[in-house]
Amino acid sequence: MKIAMIGTGYVGLVSGVCFSDFGHEVVCVDKDPAKIEMLERGELPIYEPGLDELLAKNVTAGRLSFTGDLASAVKDAEAVFIAVGTPTRRGDGHADLTYVYAAAEEIAGSLDGYTVVVTKSTVPVGTNRKVKQIINKTRPDADFDVASNPEFLREGAAIDDFMRPDRVVIGVQNDRASDVMNDIYRPLFLRDFPVVTTDLESAEMIKYAANAFLATKITFINEIAALCERVGADIKQVSKGMGLDGRIGNKFLHAGPGYGGSCFPKDTLALARIGQDHSLPMQITETVIKVNDEMKRRMTDKILDLCDGSVNGKVIAVLGVTFKPNTDDMRDAPSLTIIPALVGGGAKVRVVDPQGLAEGEALLPGVQWHDDAYKAAQNADAVVILTEWNEFRALDLKRLAKRMATPRLADLRNIYAPKDAKRAGFEVYTGIGRVGFSLTEED
């Protein structure tokens, strides 16, 4: 099939490349000429493991191309996907649908023959019907249907998520649109991956409900971790004991410094606003948002305690600043709360992150960037593990401790056992939801 993908951000680019690997003829559209030129050179505007190779493969095969000309891409397409940003709207927390509606209006002017206009961006309930109204108003003669096809891609594992999904959700209004969507996803049908076909509103709500539930699970275990610290329990053992219950499951039960990224923060906030608009407050979701914000601030207090109550004049090495490993995404990352607080407290902060520099340099002024954890730890007063990149999972703790002025470790991802840190020569260790140690206190 011929597909036009409007938007080459994270969702649009990954989806477009993967659809082309299904065998479809895909044209990815973006208004930014520099981005189109970059993609035509085989360079990526985002970091996603394996995406560069898949892109090159399908460009070479003639199934994938890039353009700034929306009209030509839409004119020949049987399906047009809207995959533009829906950031949080300033002032009220709602999803900003400006780009979605602008894309719909522009698409309308170029439709030629029956076309399914598919919203892949995360949008509030009712958005697809509004897209239909916009197209009808702009082009009353257009032969089209709308569909909702929310994405469920984890940054860092997006290709696998697309090719081997837990489910595909398709919201349609009639069989004609359903047939087109089924043809697009035929490779997944043939391999028996679950496909949920429903109405527009249910498809839109599934996305928000799923993300809000996962955010709730993360926040719940973080709150339990805080209680574990008070009562002397170990959150890793608690999480394991909980996760073995099939009704709960072990995913998203890893305590940490709070969720961030491109989805959970904005989607939980949008769901809360949707509830308020319909006079049905989403009380659990609203609490999740509040607790998650507090959790990030608590991490700063942990680091302060690690440094005897003050970081003024102290050197702090922070390992990892992206919101999760295997991505360059800094959106709402805990580091954007924690590091500015440390800098504001007078700390000299050194940062190491395999992919964080491109975005982080502008977002984290006043820090020094290093490409090696051991160099960053030289004469440091504390090391903070903030993002669990693989290269931080296998550190030589003894080597790290020897380089430091005062060997103190804040392991905010619970990668290392306290006993291993003590054996390696660390004087103070603090994790999340577990009992740390201070040799000074013990002595």
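In what follows, the structure referred to is the one given above.
### As for the overall build of the protein
Scanning the protein for helices and strands turns up 20 helices and 15 strands. Computed over its C-alpha atoms, the radius of gyration of the protein comes to 24 Å, within 12% of the 22 Å expected for a compact globule of 443 residues. Put simply, the protein has 443 residues, and 53% of those count as buried. In the protein, the share of contacts with a sequence separation of at least 24, taken over all contacts with a separation of at least 6, comes to 72%. If you sum the accessible surface of the protein, you get close to 19600 Å²; carbon and sulfur atoms cover 50% of it.

### As for the side chain of threonine 300
Mapped onto the elements, threonine 300 comes out in helix 13 (residues 283–306). Contact partners of threonine 300, with chain neighbours within four places excluded, come to Thr337, Ile338 and Ala341.

### So, the packing of helix 12 (residues 264–277) against helix 13
A pair of packed helices can be characterised by two numbers: the angle between their axes and the separation between those axes. Following both chains from N to C, one finds helix 12 and helix 13 inclined at 145 degrees, their axes separated by 9 Å at the closest point. Taken as a pair, helix 12 and helix 13 cross one another with a handedness that is left-handed. Contact residues: Thr268, Leu269, Leu271, Ala272 and Gln276 in helix 12; Thr285, Glu286 and Ile289 in helix 13. Partitioning the contact of helix 12 with helix 13 into residue classes produces 4 nonpolar, 3 polar and 1 charged.

### Thoughts on the environment of histidine 24
Position of histidine 24 among the secondary structure elements: in the loop between helix 1 (10–21) and strand 2 (25–29). Along the backbone, histidine 24 and arginine 63 are 39 residues apart, and their C-alpha atoms lie at a distance of 6.5 Å. Those residues in contact with histidine 24, other than ones at most four positions away along the chain, are Met1, Ile3, Phe19, Arg63, Asp183 and Ile184. There is a polar contact of 3.2 Å between the side chain of histidine 24 and the backbone nitrogen of methionine 1.

### What about the sheet that holds strand 10 (residues 348–352)?
The sheet built from 7 strands is open, its strands ordered 11-10-9-12-13-14-15 with mixed pairing. Either end of the sheet is taken by a strand with one partner, and the two such strands are strand 11 (368–370) and strand 15 (437–438). For strand 14 (residues 428–430) and strand 15, the ladder comprises 2 bridges, and the chain directions are antiparallel. Across the sheet, valine 428 pairs through a bridge with serine 438, a residue of strand 15. Relative to the sheet, helix 13 contacts strand 12 (382–385), strand 13 (408–411) and strand 14, its axis offset from that of strand 13 by approximately 165 degrees. The sheet contacts of helix 14 (residues 335–344) involve strand 9 (315–319) and strand 10, and relative to strand 10 the element is tilted by about 150 degrees.

### Focus on helix 5 (residues 98–108)
Note on helix geometry: an α-helix contains 3.6 residues per turn, so any two residues three or four positions apart are oriented the same way. All of the buried residues along helix 5 are Val100, Ala103, Ala104, Ile107 and Ala108. Within helix 5, the buried residues cover an arc of 135 degrees as seen down the axis, which keeps them to one side. Its buried side turned inward, helix 5 meets strand 1 (2–6), helix 4 (70–75), strand 4 (79–82), strand 5 (115–119) and helix 6 (127–138).

### Considerations on the packing of helix 10 (residues 200–231) against helix 13
Where helix 10 meets helix 13, the axes come as close as 9 Å, and the angle between the chain directions of the two elements is 45 degrees. In this view, helix 10 runs oblique relative to helix 13, as classed from their interaxial angle. Considering only the axes of helix 10 and helix 13, their crossing is left-handed. Residues Ala212, Ala215, Thr216, Thr219, Asn222, Glu223, Ala226 and Glu229 of helix 10 touch helix 13, and the partners they reach there are Ile284, Thr285, Val288, Val291, Asn292, Met295, Arg298 and Lys302. Residues belonging to the contact of helix 10 with helix 13 are distributed by class as follows: 7 nonpolar, 5 polar and 4 charged.

### Focus: the packing of aromatic side chains
Applying the stated criterion across every chain, the model contains 9 aromatic pairs. Relative to tyrosine 185, the ring of phenylalanine 19 lies with its centre 5.4 Å away and its plane at 65 degrees, an arrangement referred to as edge-to-face. With phenylalanine 19 in helix 1 and tyrosine 185 in the loop between helix 8 (175–184) and helix 9 (186–190), this residue pair connects regions lying 166 residues apart in the sequence. For the pair phenylalanine 19 and tyrosine 185, one class covers both residues: buried. With centroids separated by 6.3 Å and ring planes inclined at 50 degrees, the aromatic side chains of phenylalanine 252 and phenylalanine 264 adopt a geometry described as tilted. Of this pair, phenylalanine 252 sits in the loop between helix 11 (235–243) and helix 12 while phenylalanine 264 sits in helix 12, and the two are 12 residues apart along the sequence.

### Structural notes on the pairing of strand 4
Where burial is concerned, the two faces of strand 4 agree: the one with Ala79 and Phe81 and the one with Val80 and Ile82 are both buried. Bridging between strand 1 and strand 4 involves 4 bridges; their strand directions are parallel. What sits directly across from isoleucine 3, in strand 4, is alanine 79. Sheet topology places strand 4 next to strand 5; 4 bridges connect them, and they run parallel. What sits directly across from isoleucine 82, in strand 5, is threonine 119.

Analysis parameters
- Residues numbered from 1 in each chain as written.
- Predicted model: local features only at pLDDT ≥ 70, side-chain atom pairs only at ≥ 80, totals over all residues.
- Heavy atoms only, no water.
- Helix = DSSP H or I, 4+ residues; strand = E, 2+ residues; numbered from the N terminus.
- Rg over C-alpha atoms; globule rule 2.2 N^0.38 Å.
- Buried < 20%, exposed > 50% of the residue type's maximum accessible area, 1.4 Å probe, protein only.
- Contact = heavy atoms within 4.5 Å.
- Areas by Shrake-Rupley, 256 points an atom, 1.4 Å probe, with all protein chains shown as cover.
- Axes fitted to C-alpha atoms, helices over the stretch in contact; angles between N-to-C directions.
- Left-handed = near helix turned anticlockwise from the far one by under 90°.
- Nonpolar A, V, L, I, M, F, W, Y, C, P; charged D, E, K, R; others polar.
- Polar contact = N/O pair within 3.5 Å; in protein donor to acceptor, adjacent residues only side chain to side chain.
- Pairing = 2+ DSSP bridges.
- Arc of directions from axis to C-beta.
- Parallel < 35°, antiparallel > 145°, perpendicular 65-115°, else oblique.
- Phe/Tyr/Trp six-rings, centres within 6.5 Å; stacked < 30°, edge-to-face > 60°.

Take it as geometry only, folks, not as evidence of what the structure does.
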